[in-house]
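Survey of secondary and tertiary structure
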Amino acid sequence: MSMRSRGLFLLPCLLVLLCQAYEDPSTFRLSTANQDLFAQRIVAVGDLHGDYAATLNILKLAKVVDNNGNWMKEPGLILVQTGDVVDRGPDTLKLYQYLFELTEQAKASGGRVIQLLGNHEVMNFIGDWRYVNRLDVKSFGGIESRTTAWSVEGELGSRLRSLNVTALVGDTLFVHAGINVAWATRFKHTDAINQYIREALASVEKTAEDPIFGDGGPLWYRDYVLLPESQICSQLSHALNLLGAKRMVVGHTVQSNGRILSKCSNQLFGIDVGISKVYGGQVAALELIQDIEAQKVTKINAIYPHRVELLFDSTV
């Protein structure tokens, strides 16, 4: 089957899944109430950038899916993917299709997949294709078909625009890049941030001048990861207090050593380790174990191919 034929075959399959999995934004929006989103085990993975094989590898390693790639049916399991599924690699269409399938499997098993937007999703919304792989374009059936799919009216574009930018699960806040003090002060609630960005992305007139595209916005902010602790830990603590969280988990800024980053006494975790082969195919996931009765995180682990590294233990 030619690449064009394969793309034309996959696209209708994806559209069927989108229609099955689509939820109205009012119901899809994540509540920040702890009782609604508290799980026994949370696995978080960072930027995937068009690499299906690497994604499957890390999800198997973290025991989110079985050897066949199906949801593990573990009670109370939540998978959080912090955005940037698209760009750089060739497997965008296949990855979205797979994540939507996992979302349905998780629901049927009492689990949940929380898929967040990254800056590269938003770049594709506004037609910024600088990092799009040519095989990605072919998988959609060509430039015109891909443009339509990513548009406000397109099946993929409308589905992705319903996703949130941030989620509060228990007392852990997940976001693609980071929420700084200015954004936390302005909105004071993750639901308000999500609503603002969702409304902004629904407009075809939005341009790069909007604050959501700025370096200080939750899709591009890097200071928590890049600046020394002496400069940013107090700001991070303040933002977390305003948002009702104890820790923040972010992707976006690649850790070239392939290791999960922990800063500010475990208040920040950077999980973009370069999973895609375009970044070296580093394999790592963050695991949070929670005491449901006490409603708190008791252990945090970094999962690597040949070891599990304990990052935090509340009993010690």
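These numbers were taken from a predicted model, which means no experiment stands behind them. (Residues numbered from 1 in each chain as written. Predicted model: local features only at pLDDT ≥ 70, side-chain atom pairs only at ≥ 80, totals over all residues. Heavy atoms only, no water.)

Below, the discussion takes up the overall build of the protein. Scanning the protein for helices and strands turns up 13 helices and 11 strands. Within the span of the protein, comprising 316 residues, buried residues form 55% of the whole. Look at the contacts in the protein between residues 6 or more apart in sequence, and 67% of them connect residues 24 or more apart. Total accessible area computed for the protein in this model is approximately 13000 Å², and 51% of it derives from carbon and sulfur atoms. (Helix = DSSP H or I, 4+ residues; strand = E, 2+ residues; numbered from the N terminus. Buried < 20%, exposed > 50% of the residue type's maximum accessible area, 1.4 Å probe, protein only. Contact = heavy atoms within 4.5 Å. Areas by Shrake-Rupley, 256 points an atom, 1.4 Å probe, with all protein chains shown as cover.)

Within the element layout of this structure, histidine 120 appears in helix α6 (residues 119–125). The buried category is assigned to histidine 120, whose relative accessible area is 5%. A distance of 2.6 Å separates the side chain of histidine 120 from the side chain of aspartate 87, its partner in a polar contact. Residue contacts for histidine 120: discarding those within four places in its chain leaves His49, Asp84, Val86, Asp87, Arg88 and Tyr131. (Polar contact = N/O pair within 3.5 Å; in protein donor to acceptor, adjacent residues only side chain to side chain.)

If you walk across this open sheet you meet the five strands as β4-β5-β6-β8-β7, and the pairing is mixed. Each having just a single partner strand, β4 (166–169) and β7 (261–263) make up the two edges of the open sheet. The average angle at which neighbouring strand axes cross in this sheet is 20 degrees, direction not considered. The strands touched by helix α13 (residues 229–243) are β4, β5 (172–175), β6 (247–250), β7 and β8 (268–270); relative to β6, the strand with the most contacts, the crossing angle is about 105 degrees. (Pairing = 2+ DSSP bridges. Axes fitted to C-alpha atoms, helices over the stretch in contact; angles between N-to-C directions.)

The subject of this paragraph is α13. For α13, built from 15 residues, the straight-helix expectation of 21 Å at 1.5 Å per residue is met to within 8% by its first-to-last C-alpha distance of 20 Å. Buried within α13 are the following residues: Ile232, Cys233, Leu236, Ala239, Leu240 and Leu243. Taken end-on, α13 shows its buried residues confined to a sector of 135 degrees, consistent with a single buried face. Facing away from the buried surface of α13 by more than 90 degrees, the exposed residues are Ser230, Ser234 and Asn241. Glycine 244 lies just past α13 and shows a positive phi near 75 degrees. (Expected span 1.5 Å × (residues − 1). Arc of directions from axis to C-beta.)

Here we come to the packing of aromatic side chains. Tallied over the full model, the rule gives nine aromatic pairs. Measuring from centroid to centroid gives 5.0 Å for tyrosine 221 and tyrosine 224, while their planes differ by 85 degrees, and the two rings are edge-to-face. Among the aromatic residues, ring-to-ring pairing joins Tyr96, Phe100, Phe125 and Trp150 into one connected group. A cation over an aromatic ring shows up here: arginine 146 above the ring of tryptophan 129, its NZ or CZ 4.5 Å from the ring centre. Across the ring face of phenylalanine 125, the terminal group of arginine 161 is positioned such that the distance to the ring centre comes to 4.0 Å. (Phe/Tyr/Trp six-rings, centres within 6.5 Å; stacked < 30°, edge-to-face > 60°. Lys NZ or Arg CZ within 6 Å of the ring centre and 35° of its normal.)

Pairs can form between side chains of opposite charge whenever their charged atoms are close. Inspection of the entire model under this criterion finds eight salt bridges. A salt bridge links glutamate 309 to arginine 307; its shortest N-O distance comes to 3.8 Å. Take glutamate 309: its relative accessible area is 22%, and that puts it in the partly exposed class. One continuous salt-bridge network, built from bridges that share partners, spans Arg41, Glu74 and Glu287. (Salt bridge = Lys/Arg side-chain N within 4 Å of Asp/Glu carboxyl O.)

Here the focus is the environment of alanine 284. Within the secondary structure, alanine 284 is located in the loop between β8 and β9 (285–291). A C-alpha to C-alpha distance of 6.9 Å links alanine 284 and arginine 259, two positions 25 residues apart in sequence. Once residues within four sequence positions are removed from consideration, alanine 284 is found in contact with Ile58, Gly258, Ile260, Val273, Ile275, Ile303 and Tyr304.

Summing up the model confidence of the protein, the mean pLDDT is 88 and the portion of residues at 70 or higher is 86%. Confidence over residues 1–10 falls short of pLDDT 50; this stretch has 13 contacts with residues more than four positions distant or in other chains. (pLDDT = per-residue confidence, 0-100.)

Turning next to the pairing of strand β10 (residues 296–304). Of all nine residues that make up β10, seven are buried, and the element is covered over most of its length. Where β9 and β10 come together, seven bridges link them in antiparallel fashion. Bridging from a neighbouring strand, glutamine 290 pairs with valine 297 of β10. Linking two consecutive strands that pair antiparallel, namely β9 and β10, is a turn of four residues; a positive phi of about 55 degrees is found at glutamine 295 within it. Relative to strand β11 (residues 307–313), β10 is paired through six bridges, and the arrangement is antiparallel. Along β11, the bridge assignment pairs isoleucine 303 with valine 308. Counting the residues between successive antiparallel strands, the hairpin from β10 to β11 contains two residues.

What follows deals with helix α5 (residues 92–108). Taking 1.5 Å per residue as the helical rise, α5 with its 17 residues ought to reach 24 Å, and the 25 Å between its terminal C-alpha atoms agrees with that figure. For α5, the complete set of buried residues consists of Thr92, Leu93, Leu95, Tyr96, Gln97, Tyr98, Leu99, Phe100, Leu102, Thr103 and Ala106. Trailing α5 by a residue or two, glycine 110 shows a phi angle of about 80 degrees, which is positive.

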